[in-house]
Amino acid sequence: ASFVISDSGVPSIEVWHDGNTIPRGIAVVRQNLIPLIENGHINPLVYSTNFQLWGATVGNQLLVWRSGVGITRNGALVYVSGPGLSVASLARLLQRVGAVNAMEFDINSDWTDFFYFNHQLGTPASPANGYKLVYDMLRPPQRYFEGTARDFVVAEVQPSLAR
């Protein structure tokens, strides 16, 4: 599954078939395992007892911090994150908020982060104007202003586009 943002800022969740080549018109691609939801249907593999399909969790726990992203029928981007989620519960939550295509982003408390930045238009975001989406996410907003071996996505939302 791939989270894709076009050069025009339009997000999508799709199965990536282009290998290492990024086609023209694509600004961002972040990949992770197989889709949770495709065309409105939850992937039956979310109920598999083979937990390794969805990545290794700390202590091989089933219920851990997880995050996922989805796209609704009208093209809205939705994000779900929280503690004590199974892959199946994450998929069901994404479906309940309207995602017709969705994927898992991160697992385990060390990696499930989402930050937003309240800065003046035309000035750069910084750790000083960054905030956690959920207060008990482990990492601080400066996480992505330092070197990291983990993948992440950065997107700027124009005030006129934010809802």
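Residues numbered from 1 in each chain as written. Predicted model: local features only at pLDDT ≥ 70, side-chain atom pairs only at ≥ 80, totals over all residues. Heavy atoms only, no water.

Novice: How should the overall build of the chain be read in this particular structure?
Specialist: Summing up its helical and strand segments, the chain has one helix and ten strands in all. What you see in the chain, going N to C, is helices and strands ordered as β-β-β-β-β-β-β-α-β-β-β. Every one of the 163 residues in the chain was classed for burial, and the buried ones make up 36%. Within the chain, residue pairs in contact and separated by at least 24 positions form 55% of the contacts whose partners lie at least 6 positions apart. Accessible surface, the chain: about 10000 Å² in total, of which carbon and sulfur atoms supply 54%. (Helix = DSSP H or I, 4+ residues; strand = E, 2+ residues; numbered from the N terminus. Buried < 20%, exposed > 50% of the residue type's maximum accessible area, 1.4 Å probe, protein only. Contact = heavy atoms within 4.5 Å. Areas by Shrake-Rupley, 256 points an atom, 1.4 Å probe, with all protein chains shown as cover.)

Novice: What's the story with the nonpolar core in this structure? I'm lost.
Specialist: Buried together is how nonpolar side chains tend to be arranged in soluble globular proteins. By size, the foremost hydrophobic cluster in this structure holds 15 residues, and its most contacted members are Leu36, Ile37, Val46, Leu90, Leu94 and Ala99. Among the elements of the structure, β7 (77-85), α1 (87-96) and β8 (99-107) are those that each provide at least two residues to this core. Of the residues forming this core, the biggest block, five residues, is contributed by α1. Discounting chain neighbours no more than four positions away, the residues touching Leu36 are His41, Ile42, Asn43, Val46, Trp54, Val87, Leu90, Ala91, Leu94, Ala102, Met103 and Glu104. (Core = buried A, V, L, I, M, F, W, Y, C linked by side-chain atoms within 4.5 Å.)

Novice: What should I look at first to understand α1 in this one?
Specialist: Residues lying three or four places apart along an α-helix face the same way, a consequence of the helix completing one turn every 3.6 residues. Buried residues of α1: Val87, Ala88, Ser89, Leu90, Ala91 and Leu94, and no others. Here the buried face of α1 lies against β4 (37-38), β5 (41-42), β6 (64-72), β7 and β8. Among the residues trailing α1, Gly98 stands out with phi positive, at a value near 105°.

Novice: Which parts of the structure should I look at to understand the environment of Ile107?
Specialist: With respect to the helices and strands, the residue Ile107 is situated in strand β8. Owing to a relative accessible area of 11%, Ile107 belongs among the buried residues under this scheme. Along the primary structure Ile107 and Pro83 are separated by 24 residues, whereas in three dimensions their C-alpha atoms are 9.5 Å apart.

Novice: Is there a simple way to explain the pairing of β8 in this structure?
Specialist: When a strand is regular, its side chains alternate between the sheet's two faces. Burial of β8 is extensive: nine of the nine residues sit out of reach of the surface. Where β6 lies against β8, six bridges are found, and the strand directions are antiparallel. Note that in β8 the partner of Arg66 across the bridge is Ile107. (Pairing = 2+ DSSP bridges.)

Novice: Would you take a moment to explain the packing of aromatic side chains for this structure?
Specialist: The geometry of an aromatic ring pair is captured by the separation of the ring centres together with the interplanar angle, meaning the angle of the planes. Scanning all chains against the criterion turns up four aromatic pairs. Plain terms: the ring middles of Phe3 and Phe105 are 5.6 Å apart, the flat faces sit at 85° to each other, and that makes the pair edge-to-face. A residue pair is termed long-range when its members are at least 10 positions apart, and Phe3 in strand β1 (residues 2-6) and Phe105 in strand β8 qualify at 102 residues. Across the pair, exposure class does not vary: Phe3 and Phe105 are buried alike. Their ring planes at 75° and their centres at 5.7 Å tell us that Phe117 and Phe145 sit as a pair that is edge-to-face. Highlighted residues: Phe117 in strand β9 (residues 115-117) and Phe145 in the segment after β10 (130-132), separated in sequence by 28 residues. Overall, Phe117 belongs to the partly exposed group, its relative accessible area being 28%. (Phe/Tyr/Trp six-rings, centres within 6.5 Å; stacked < 30°, edge-to-face > 60°.)

Novice: I keep staring at the sheet that holds strand β3 (residues 26-31) and nothing clicks. Help me out?
Specialist: Strand pairs in the sheet, formed through backbone hydrogen bonds, run parallel or antiparallel to each other. Sheet architecture is open: three strands sit in the order β2-β1-β3, paired in antiparallel fashion. Two strands in the sheet have a free side with no partner beyond their single neighbour: β2 (11-14) and β3. The mean angle between the axes of side-by-side strands here comes to 20°, regardless of whether they run parallel or antiparallel. The pairing of β1 with β3 spans five bridges and is classified as antiparallel. Bridged to Ile5 within β3 is Val28. (Axes fitted to C-alpha atoms, helices over the stretch in contact; angles between N-to-C directions.)

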